[in-house]
Amino acid sequence: NDFIAAMVLQPDGKIVIGGNFTAFNGVNRYHVARLNANGTVDTTFDPGLGANGKVWAMGLQSDGKIFIGGEFTAYNGTNCNYLARLNADGSLDTNFTDIGVNDEVFALAAQDDGRILAGGDFSEVGGQTRNGLARLNGDGSLDESFDDTGTNGRVLALAVQADGRILVGGTFTQ
C-alpha cells in the first residue's frame, strides 16, 4: 500500500522487501516483508510489528541473516536506532548490538568476512564520530579499525567490489 525502497534476493528465490508500506497484498506487514518467488507474501516470515518507520536499505549476510537500515527507532517494539538485523523468520536478532546510530541509514553492504558497511545521514555510531560512513563487525559493534573522516554529505549507495574495495555514492563532494 506504499513504496518499496529496498530488496534483497535470497538464494532460495524469495525476496525480502523494505519501504514505507504497512500491508502487502492485503497482509499486514510493517515496512518489512518477504515474498515467495511467485510474488505472494511468505507467511513463515513474520516481522510482527516490524519497523516503526521507513526501511531504506537492506542487506543479506552469508549466514542468511538480513540487516535493515532506515528511518526507524524500533523493530517489533524493541528499540533499535536506524539499524537492525533480522533472523531468517523475520524476528529481531537480539545478538546484534543496538550500536546507537544517531540518524538515518540509507545504504548497507555486506563484506565477505561478515562485516557490514553502513552509509547514511549520521554523524555518530557507537559514540564515535562517523560522518555518513561506518563499518560494523558481525555482532553489530563498531569496527574501530575502519576509521575515516567520512563524507561531507549523505551516503546513499554502497557496493563492495570483488577485490574488497568499497564504492561509495551520495550527495557529498568530499
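The model shown is predicted, which means the values in this text are computed figures rather than measured ones.

Undergrad: Where do I start with the sheet that holds strand β2 (residues 15-19) in this structure?
TA: Neighbouring strands of a sheet are bound in pairs by backbone hydrogen bonds; such pairs are parallel or else antiparallel. If you walk across this open sheet you meet the 3 strands as β1-β2-β5, and the pairing is antiparallel. Strand pairing shows two members of the sheet lacking a second neighbour, β1 (4-9) and β5 (32-35), which therefore form its edges. Geometrically, the sheet is characterised by an average inter-axis angle of 25° between neighbouring strands, direction not taken into account. Taken together, the 5 bridges between β1 and β2 define a ladder with antiparallel strand orientation. Across the sheet, the residue bridging to A6 is G18, located in β2.

Undergrad: Just checking my understanding: could you explain the packing of aromatic side chains for this structure?
TA: Where two aromatic rings form a pair, the distance of their centres and the angle of their planes describe that pair. Summed over all chains, the structure comprises 2 aromatic pairs. Summarising the aromatic geometry, the rings of F3 and W56 are spaced 5.6 Å apart at their centres and angled 25° between planes, so their arrangement reads as stacked. Of the two residues, F3 is situated in the segment before β1 and W56 in strand β6 (residues 55-60); the sequence distance between them amounts to 53 residues. When the centroid spacing of 5.9 Å and the interplanar angle of 50° are considered together, the rings of W56 and F106 count as tilted. Placement of W56 in strand β6 and of F106 in strand β11 (residues 105-110) is noted, with a sequence separation of 50 residues between them. Judged by its relative accessible area of 12%, F106 is buried. In textbook terms, an aromatic cluster arises when at least three aromatic residues are bridged by ring pairs, as seen for F3, W56 and F106.

Undergrad: What exactly am I supposed to notice about the pairing of strand β10 (residues 83-86) here?
TA: Consecutive residues of a regular strand have side chains that alternate between opposite faces of the sheet. Along β10, one buried face is formed by L83 and R85 and the opposite face, lined by A84 and L86, is buried too. Sheet analysis places strand β7 (residues 66-70) next to β10, joined by 4 bridges and oriented antiparallel. Its bridge partner lying in β10, G69 is registered against L83.

The rules behind the values
- Along each chain, numbering runs from 1 in the same order as the chain's sequence is written.
- For this predicted model, a pLDDT threshold of at least 70 governs which residues receive local features, and a threshold of 80 or more governs which side-chain atom pairs are given and counted, while totals over whole chains, interfaces and linings are taken from all residues.
- The side-chain values count all of the structure's non-hydrogen atoms but skip hydrogen atoms and water molecules.
- Strand pairing requires that DSSP identify at least two bridges connecting the strands.
- By the criteria applied, helices consist of DSSP H or I runs no shorter than four residues and strands consist of E runs no shorter than two, each listed in order from the N terminus.
- All axes here are fitted lines through C-alpha atoms, helices being fitted over the stretch that makes contact, and every angle between N-to-C directions spans 0 to 180 degrees.
- For this analysis, a ring pair means two rings from Phe, Tyr or Trp (six-membered ring only for Trp) whose centres lie within 6.5 Å, classed as stacked if their planes differ by under 30 degrees, edge-to-face if by over 60, and tilted for the remaining angles.
- Burial classes: relative accessible area under 20% of the type maximum marks a residue as buried, over 50% as exposed, and values in between as partly exposed (1.4 Å probe, protein chains only).

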